[in-house]
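Here are the chains, one letter per residue:
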Amino acid sequence: MQSIEDQIKSCMSMGNLTQDITLELRTEEQSESAEQQIQMQQEWNQDQAEFKQNQQQPSKQDINQAQQQVWNCPIFNSAAITKELYQNLSETYDLLNKLHLKAIDLTKRFNAVANFLPRFFQAIKITFIGILQLEQIGLITNDKDIMSKSVNEEYNINVNKKKFNEKSVCILLEFAITHILSQISVLFETIEVRREKQELRQLVIYLSKLQTCLEQLPGAASLDINDIFCFDRGHYRWQSLNSITQEVLLGSREQISKSYGKVAEGILLANAMISKGSEFNNEAAKNVMQGFGALYYLVAKKDAKLKADHFMAEPNKHLAFKAWNLGESGFLSKLLPLLFPMITYNKKIYIPQLFKRLVEDNILRQYKENKINQIQNDCGECVSTNLPKSPELFTKDKERIPVRILCHYNLQEIQTDSFVQQSLKLIQGQKVFDRIIIHIHGGGFVSMSSRSHQTYTRKWAKNLQVPIFSIDYRKAPESPYPFGLDDCWQAYMFIMNYIDKYFNVKPKKVVLVGDSAGGNLVAALTVQIIKSGARIPDGILMAYPALCLDIKQFTPSLLISLNDPLLHHTVLKLCISSYVPQKFDAASDPLMSPSIASDEILSRFPKTRIVLGTNDPLHDESFRLANKLSKLGKDIKITEYKWMPHGFLQFDVVQGMKESEQTVLDAQNILQDLLTC
């Protein structure tokens, strides 16, 4: 049996370093030869000996400097970087070293405490990764090769000095110092005195946050130094963006935070319920304990938050997505319709796949030929002209795409294919709808449906007096990219070409609208429509869209996810990893990351409207897309709600956010404008 010292050494070897850090999340292992591991360990031991020596012999001058927060860390070239970055790097390096040594000390002292030991090993690994990353940055600041401090592909900071983004690294490190490392330091001191379940849960939460920060560090370092978020909003680079952005204040920061707090309590309650039920194997026991958990956590809100945060720190994929889907199944699904406004027409049709498919082979071939970001004009004719009869369209079929139709008016369902009879109906005065909305729901690509979004889609259908076609696309992880997008593509093409054969609907004006993941699919569908040469929609509206699915791409607003109860950083990673298979490249594929679409494609974009909140992890990427469209002279406008969170359209319900009512109305007015212009 290995001694505790041998276990500590083993966990810091390159082969084991990224193993067992978290549950469910992918890691890409980098194998190292035994010789390289020994050399790395020797270098590490030498570094630590020097570090300990410096720590054990502080001079008065060192103490004064520490009190004034002036750092002297020789591994970073202070002459080559800004004073702010040098201070943040030095302080982070100091804290990581202290925490690493403390974790080793706690591991040795409390190796018999079974629950805590794995977490101490986890802390040793994560802090060691962070130290190696900062030493890589030290080499970069000194214009040296970073490979001597290589971690693995996921954590390596592989960028040269000229392209190193000091601004974004500063933002990330400041957040880590203030909100994570300082908290872990306090926790370690508390754990030393008392080792209780509460401290263990908090340690798991903060280690999870630290890991996410370290995963984002390579992206922060390699972010384009001319990226708009490297400049203040008053900078001249923001001039055109500021001119197309309308800032809306729905209340004070405190008021909106309090309002969102009520919604957050519901989200935390759902997560705590699922977490409580997961402690039992029997399905009946799970349901009972979920119910018991709901009653308990309604009263003990502080415990609910800690339980939910702990659950989200290392989420089980199945359980996390189950929590997001509570409104779609079980008891809560029966209560949801009570929140829906009344609507005259609400039926589902099931659309066949008649057009050229978006399939894996075709996409990978475009990668190989470097055509994924180019216009192909390959729409062609439909694959099959065997249109379903009207009764078949209303018959549930797993092989077809469900589309919910909402309308303030009873649509005429045409039961014949006869052109003469259709014409007679029109002569008799039958109303024909020539304006429609196609809606794509959000839910992280893994949850929800057109049903749960009826809290606002019914309002739009009733007030705008146009039919809304809401697509229920296939979801990940069972059906990852490109299945969901292909469903949206097939539904769009069928509606635009054949819907007049089944209803008194003949689209002359069409607007696409989607929220969150649905916003991504709206933009990606628009890219696909343009690439293929099909009929481009007249306008698109995206609410807080996920426009970049490259998990390595850093942007400052992503740090919000570290404390966000809805779009939590671990769930965000799970959603992306579930939707994006490893064989596809989200960094170069505009059908996954529409914000990286080429100018050739973006130059054909229709009128584009985006609504979002400033307190949203997905906030920044919308401005990057808007910046590109603006430079191309396209009609793009952004409505930015100060302090509002992700998902606000769905919070316009009883006991939701009162501020959301205005956002639903504003979106409705935008749709009206896009339909009439």
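Definitions and limits used
Residues numbered from 1 in each chain as written. Predicted model: local features only at pLDDT ≥ 70, side-chain atom pairs only at ≥ 80, totals over all residues. Heavy atoms only, no water. Helix = DSSP H or I, 4+ residues; strand = E, 2+ residues; numbered from the N terminus. Buried < 20%, exposed > 50% of the residue type's maximum accessible area, 1.4 Å probe, protein only. Pairing = 2+ DSSP bridges. Axes fitted to C-alpha atoms, helices over the stretch in contact; angles between N-to-C directions. Contact = heavy atoms within 4.5 Å. 1 Å grid on protein atoms, 1.4 Å probe; cavity = no way out; pocket = protein on both sides within 12 Å on 5 of 7 lines; lining within 4 Å. Points joined across faces, edges and corners; volume = space filled by probe spheres on them. Nonpolar A, V, L, I, M, F, W, Y, C, P; charged D, E, K, R; others polar. Polar contact = N/O pair within 3.5 Å; in protein donor to acceptor, adjacent residues only side chain to side chain. Phe/Tyr/Trp six-rings, centres within 6.5 Å; stacked < 30°, edge-to-face > 60°. Parallel < 35°, antiparallel > 145°, perpendicular 65-115°, else oblique. Left-handed = near helix turned anticlockwise from the far one by under 90°. Salt bridge = Lys/Arg side-chain N within 4 Å of Asp/Glu carboxyl O. Expected span 1.5 Å × (residues − 1). Bend = angle between axes of the 7 residues up to and from the residue. Right-handed = clockwise from strand over helix to strand, strands pointing away.

Q: Residues and numbers for the environment of L101, please.
A: If you trace the backbone, L101 turns up in helix α4 (residues 83–109). Residue class for L101 comes out partly exposed when judged on its relative accessible area of 22%. Once the C-alpha coordinates of L101 and I124 are considered, the two residues, 23 residues apart in sequence, prove to be 8.0 Å apart.

Q: Quick rundown of the sheet that holds strand β6 (residues 505–515)? Include the residues and the values.
A: If you trace the 9 strands from one edge of the open sheet to the other, you get β1-β9-β8-β7-β6-β4-β5-β3-β2, paired in mixed fashion. At either margin of the open sheet sits one strand with a lone partner, and together these are β1 (245–248) and β2 (345–351). Pairwise comparison of adjacent strand axes, ignoring direction, gives a mean angle of 20° for this sheet. In terms of strand pairing, β1 meets strand β9 (residues 636–645) through 4 bridges, oriented parallel. Note on β9: the bridge partner recorded for V248 is Y641. Here helix α17 (residues 454–464) sits on the sheet and contacts β2, β3 (401–407), β4 (433–440), β5 (468–471) and β6; the angle it forms with β3, its principal contact strand, is near 50°. Across the sheet, helix α19 (residues 517–532) is in contact with β4, β6 and β7 (539–543); its angle to β6 comes to roughly 130°.

Q: How would you sum up empty space enclosed by the protein? Please name residues and give values.
A: Across all of its chains, the model carries 3 cavities of 30 Å³ or more by this definition. Estimated volume of the largest cavity: approximately 90 Å³. Of the residues that constitute the lining of the largest cavity, the class distribution is 3 nonpolar, 5 polar and 4 charged. The calculated volume of the second largest cavity comes to roughly 60 Å³. Looking at the lining of the second largest cavity, the elements with two or more residues in it are α4, α5 (117–141), α6 (166–193) and α7 (197–222). Across the lining of the second largest cavity, the residue classes break down as 10 nonpolar, 2 polar and no charged.

Q: Which residues make up the side chain of S595, and what values go with them?
A: Tracing the backbone through its elements, the reader meets S595 in the loop between α20 (569–579) and α21 (599–602). Note on S595: relative accessible area 3%, which makes it buried. For S595, the side chain forms a polar contact with the main-chain oxygen of L547, separated by 3.2 Å. Side-chain polar atoms of S595 contact the side chain of E621, separated by 2.8 Å. The contacts of S595, once residues within four sequence positions are left out, are L547, C548, E621, L625 and K628.

Q: Give me the lowdown on the packing of aromatic side chains, citing residues and values where you can.
A: For the coordinates displayed, the defined rule picks out 18 aromatic pairs. Aromatic pair F394 and F503: ring centres 5.8 Å apart, planes at 70°, arrangement edge-to-face. On the criterion of sequence distance, the pair formed by F394 in the loop between α15 (390–393) and β3 and F503 in the loop between α18 (483–498) and β6 is long-range, its members being 109 residues apart. By relative accessible area, which is 1% here, F503 ends up buried. Seen from their ring centres, Y641 and F648 are 5.3 Å apart, and the 75° between their planes marks the pair as edge-to-face. Overall, the relative accessible area of 0% leaves F648 in the buried class. One aromatic cluster is present, formed by Y367, F445, Y481, Y579 and F584 through successive ring pairs.

Q: Tell me about unusual backbone geometry, and name the residues and values.
A: For the bond from A476 to P477, the omega torsion is 0°, close enough to zero to count as cis. The residue P477 is located in the loop between β5 and α18 in this model. Even without a glycine there, the phi angle at S516 is positive, about 55°. Mapping S516 onto the fold places it in the loop between β6 and α19.

Q: Break down the packing of α6 against α7 for me, with residues and values.
A: Interhelical geometry of α6 versus α7 gives an angle of 160° and a closest axis separation of 10 Å. Taken together, α6 and α7 sit at an angle that is classed as roughly antiparallel. When you trace α6 past α7, the crossing you get is left-handed. Partitioned by chemical class, the residues of the contact of α6 with α7 number 19 nonpolar, 6 polar and 2 charged.

Q: Residues and numbers for the packing of α17 against helix α23 (residues 660–676), please.
A: A packed helix pair is summarised by two numbers, namely the angle formed by the two axes and the spacing between the axes. Where α17 meets α23, the closest approach of the two axes is 10 Å, and the angle between their N-to-C directions is 45°. Viewed along their axes, α17 and α23 adopt a mutual orientation that is oblique. When you trace α17 past α23, the crossing you get is right-handed. On the side of α17, the interface is formed by Y456, K459, W460, N463 and L464, while α23 contributes V664, A667, Q668, L671 and Q672. For the contact of α17 with α23, the per-class residue count stands at 6 nonpolar, 3 polar and 1 charged.

Q: Give a detailed account of the environment of K149, specifying residues and quantitative values.
A: Here K149 is to be found in the loop between α5 and α6. By relative accessible area, K149 is classed as buried at 13%. Taking C-alpha positions, K149 is 8.7 Å from L139, a pair spaced 10 residues apart along the chain.

Q: Could you give me a rundown of the side chain of R624, with the residues and numbers involved?
A: Within the secondary structure, R624 sits in helix α22 (residues 619–631). Judged by its relative accessible area of 9%, R624 is buried. At 2.8 Å, the side chain of R624 and the side chain of E621 are in polar contact. Leaving out residues up to four positions away in the same chain, R624 has contacts with L223, D227, I228, F229, Q553, F554 and T555.

Q: Can you break down the pairing of β5 residue by residue, with the values?
A: Of the two faces of β5, the one lined by I468 and S470 and the one lined by F469 and I471 are each fully buried. Pairing of β3 with β5, which is carried by 4 bridges, proceeds in the antiparallel orientation. If you follow I405 over to β5, its bridge partner there is F469. Across 4 bridges, the pairing between β4 and β5 is parallel. Bridging from a neighbouring strand, H439 pairs with S470 of β5.

Q: Describe the pattern of salt bridges, with residues and values.
A: Taken as a whole and judged by the stated rule, the model has 19 salt bridges. Here R357 makes a salt bridge to D486, at a shortest N to O gap of 2.6 Å. In this pair, R357 is assigned in the loop between β2 and α14 (360–368) and D486 in helix α18, connecting sequence segments 129 residues apart. According to the relative accessible area criterion, R357 is partly exposed, its value standing at 30%. Relative accessible area serves as the criterion here: at 1%, D486 is assigned to the buried category.

Q: Could you give an account of α6, naming the residues involved and the relevant values?
A: Counted at 1.5 Å a residue, the expected span for α6 with its 28 residues is 40 Å, and the 39 Å between its end C-alpha atoms agrees. A maximum bend of about 45° is found in α6 at I177. If you check the start of α6, you find a side-chain oxygen 3.2 Å away from the backbone N of K167, and it comes from N165.

Q: Tell me what's going on with the pairing of β9, and back it up with residues and numbers.
A: Taking burial as the measure, the 10 residues of β9 include 7 buried ones, the bulk of the element. Strand direction decides the pairing type here: strand β8 (residues 607–615) and β9, joined by 7 bridges, are parallel. Residue pairing for β9: R609 is matched across the bridge by K637. With respect to chirality, the unit in which β8 leads through α22 into the neighbouring parallel β9 is right-handed.

The values reported here are purely geometric and, on their own, carry no functional implication.
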